[in-house]
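Residues per chain, in single letters:
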Amino acid sequence: MTQPFLTWVTGVPPADAAPRVLWHPHLAAVTGVAQTAAGIALGAVALHLPWYALVPLLLVAWPTIGGGLRRLDVVVVHQTLHRMFARSDRANRVVSEIVTTLLWRPPYDGNRKEHLVHHAHPCSFRDGDTQYLLSTGAAPGMTEQQFRRYLWRAVFSPRHHWSFTAGRVRANVTGEQPVHRRVMSLAYLALTVAGLALTGWWLYWLLLWLVPATFFFQAQTFLYTLSEHRWWLFDNAERLTKSQRDQLTFGRFCGEPAPAVAGRPWAVRQLAWARWWLRMVLVYAPYRMWVLVGDTVQHDLHHVRPKCDWANSSWVRNADLRSSEAGRYYEVWGGLLSHVYAGNSVRGWQARPSVALTGTAAR
């Protein structure tokens, strides 16, 4: 009964498991829309409650909305750039242009061009994501304490968020963009303003769209990007061997070993299991819903085989570990801090080679 939840949270199905639901790219898009809508609905209910209920519910609704928008961006739009979301190039372009207009993200052509550079020269100084992290103050070799201080500063930095937001606006309305895209963006802006003027829903829009679509979306994007690769592993070199390129990316698996309490008193066993479940539900599940969304937990698979069945990537990666591709995969277990530490060469943190799983599924 618990196995589907554990497979989703960890990102790793048991060795003998088959997917209960065969995922389709369109289902990934529906999930993003549904999560966004659920967060907005929760926030709308919260706005009619006393402050002591309003505040905690908004603090859940905001990252839930941001996580839904991230699903649409880093899952749906990302796969359109690889022409792996829809069957035709035209359909991929149309989906990408619509979603990125709604999210004030870069248009299809420029976004695709930059992303292909990222794949050709990952973690190099030509990589736009490397340049972005450098602009936030990221650097290799920090201690855990130094990195945590950097993390707090960057997440809440007004300069960081202003730069991020301004870049999103410029990407949609400047003369460098295609005419059709500027028309789409300005029409979307005009319709938003007109709709708010007619309905008077300014407060709802501010609190349930603008706040999560800017601060939370951008903070979640930043945290995700920090752990997306081992950014500084080869000193940002452009020319790497296949083996070196494989080491730049790792599976970001969520969770910790189940408690080893065999032979311990009943009360000790129950407390250990209760603590473990609480951490799976309250620590790792929110991380998967808000930051490490969709198939991104297996981002190493995407770089090894970008044309794979990405919507079912957990099972594809498991199969690869039993094939000739096995030696190309690395992993880090834990949560957000474990992943960003490994991604930024924080002292003492490394990824380890993945091995094929054995064992049976939980029932």
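Every chain begins its residue count from 1, and numbering advances along the sequence as written. Selection of residues for local features in this predicted model requires a pLDDT of at least 70, selection of side-chain atom pairs for listing and counting requires 80 or more, and totals for whole chains, interfaces and linings are taken over all residues. To obtain the side-chain values, all non-hydrogen atoms of the structure were included, while hydrogens and water were left out.

A. Broad picture of the overall build of the protein chain. When helices and strands are tallied, the protein chain shows 15 helices and three strands. Overall, the C-alpha framework of the protein chain stretches about 65 × 55 × 45 Å when taken along its three principal axes. Only protein chains enter the accessibility calculation, which uses a 1.4 Å probe; a residue whose area is less than 20% of its type maximum is buried, one above 50% is exposed, and one in between is partly exposed. Taking all 363 residues of the protein chain together, the buried fraction comes to 47%. Expressed as a percentage of contacts within the protein chain between residues at least 6 apart in sequence, the contacts between residues at least 24 apart total 73%. Here the protein chain has roughly 18,000 Å² of accessible surface; of this, 65% comes from carbon and sulfur atoms. Residues scored as positive are Lys and Arg, those scored as negative are Asp and Glu, and His as well as the terminal groups of each chain are ignored. All charge positions are set by atom: Lys at NZ, Arg at CZ, Asp at CG, Glu at CD. Distance from the positive charge centre (37 side chains) to the negative charge centre (21 side chains) of the protein chain: 4 Å. Secondary structure elements follow DSSP: runs of H or I of four or more residues count as helices, runs of E of two or more count as strands, with numbering from the N terminus. For this analysis, residues touch if any pair of their heavy atoms sits within 4.5 Å. Accessibility throughout is a Shrake-Rupley quantity obtained with a 1.4 Å probe, and a residue counts as covered only by protein chains that appear here.

B. Molecular detail of the pairing of strand β2 (residues 330–334). Of all the five residues making up β2, four are buried; the element is thus mostly covered by neighbouring parts of the structure. Looking at chain direction, β2 and strand β3 (residues 352–353) are connected through two bridges and run antiparallel. Looking at the pairing, Tyr330 lines up with Pro353 of β3. Whether two strands pair depends on DSSP finding at least two bridges between them.

C. Spatial organisation of unusual backbone geometry. Despite not being glycine, Trp104 has its phi angle at roughly 55 degrees, a positive value. On the secondary structure map, Trp104 appears in the loop between α4 (89–103) and α5 (108–120). With relative accessibility at 18%, the residue Trp104 sits in the buried group. At Asn236, a residue that is not glycine, the phi angle is positive and equals roughly 60 degrees. One can find Asn236 in the loop between α10 (202–226) and α11 (242–247). We classify Asn236 as buried; its relative accessible area is 12%.

D. Summary view of the nonpolar core. Nonpolar cores were defined as sets of buried Ala, Val, Leu, Ile, Met, Phe, Trp, Tyr and Cys residues, with membership established by side-chain atoms within 4.5 Å. Counting 54 residues, the largest nonpolar core has Leu133, Phe147, Tyr150, Phe222, Leu226 and Trp310 as the members making the most contacts within it. When residues no more than four places from it in sequence are discounted, the contact partners of Phe147 are Met142, Leu226, Val340, Tyr341, Asn344 and Val346.

E. A look at the pairing of strand β1 (residues 251–254). Residues Gly251 and Phe253 point to one face of β1 and Arg252 and Cys254 to the other, with burial holding for every one of them. Pairing geometry for β1 and β2, over four bridges, is parallel. For Phe253, the partnering residue across the bridge sits in β2 and is Trp333.

F. Representation of the pattern of salt bridges within the structure. Only one rule defines a salt bridge in this text: a Lys or Arg side-chain nitrogen within 4 Å of an Asp or Glu carboxyl oxygen. Under the criterion given, the structure shown has 14 salt bridges. Linking Glu238 and Arg126 is a salt bridge whose minimum nitrogen-to-oxygen distance equals 3.6 Å. Here Arg126 lies in the loop between α5 and α6 (128–135) and Glu238 lies in the loop between α10 and α11, a separation of 112 residues in the sequence. Looking at Glu238, the relative accessible area reads 36%, which means it is partly exposed. Looking at Arg126, the relative accessible area reads 46%, which means it is partly exposed. A salt bridge links Arg305 to Asp320; its shortest N-O distance comes to 3.1 Å. Of this pair, Arg305 sits in the loop between α13 (299–304) and α14 (313–320) while Asp320 sits in helix α14, and the two are 15 residues apart along the sequence.

G. Seen up close, the packing of helix α9 (residues 179–199) against α10. Axis angles are defined between N-to-C directions and span 0 to 180 degrees, where every axis is a line fitted to C-alpha atoms and, for a helix, only to the segment in contact. In contact at an axis separation of 8 Å, α9 and α10 are set at 130 degrees when each is read in the N-to-C sense. Of the possible angle classes, the one that applies to α9 and α10 is oblique. Residues Tyr188, Thr192, Val193, Leu196 and Ala197 of α9 pack against Trp202, Trp205 and Trp209 of α10. When residues are grouped by polarity, Ala, Val, Leu, Ile, Met, Phe, Trp, Tyr, Cys and Pro land in nonpolar, Asp, Glu, Lys and Arg in charged, and all others, Gly among them, in polar. Broken down by class, the residue content of the contact of α9 with α10 amounts to seven nonpolar, one polar and no charged. Any angle that falls under 35 degrees is termed roughly parallel, while one over 145 is termed roughly antiparallel, one within 65 to 115 roughly perpendicular, and all others oblique.

H. Focus on the state of the cysteines. Here, a disulfide means two cysteine sulfur atoms that sit within 2.5 Å of each other. Applying the stated criterion to the full structure yields zero disulfides. Looking at the unpaired Cys308, the closest cysteine sulfur is the one in Cys254, lying at 19 Å.

I. Broad picture of a nonpolar patch on the surface. On the surface, Val169, Val173, Leu186, Leu189, Val193 and Trp202 cluster together to form a nonpolar patch covering roughly 490 Å² of accessible area. Among the secondary structure elements, those contributing two or more residues to the nonpolar patch are α8 (158–173) and α9. Tallying contributions element by element places α9 first for the nonpolar patch, with three residues. Within the secondary structure, Leu189 is located in helix α9. A relative accessible area of 40% means that Leu189 is categorised as partly exposed. Like charges are joined within 9 Å and nonpolar side chains (Val, Leu, Ile, Met, Phe, Trp, Tyr) within 5 Å, but only among residues with over 30% relative accessible area and no salt bridge; these make up the patches.

J. Highlighting the environment of Lys307. Of note, Lys307 is situated in the loop between α13 and α14. Take Lys307: its relative accessible area is 59%, and that puts it in the exposed class. If near-sequence neighbours (up to four positions away) are discounted, Lys307 is found in contact with His82 and Met84. Whenever a nitrogen or oxygen atom comes within 3.5 Å of another N or O atom, the pair is scored as a polar contact, on the condition that within protein one atom can donate a hydrogen and the other can accept it, and that pairs from neighbouring residues in sequence are kept only if both atoms are in side chains. At 2.9 Å, the side chain of Lys307 forms a polar contact with the backbone oxygen of His82.

K. Here's a closer look at helix α1 (residues 3–10). Among the residues of α1, Gln3, Leu6, Thr7, Val9 and Thr10 are the ones counted as buried. Taken around the axis of α1, the buried residues stretch over an arc of 170 degrees, which confines them to a single face. Gly11 sits one or two positions beyond α1 and adopts a positive phi of about 85 degrees. The arc refers to the directions leading from the helix axis to the C-beta atoms.

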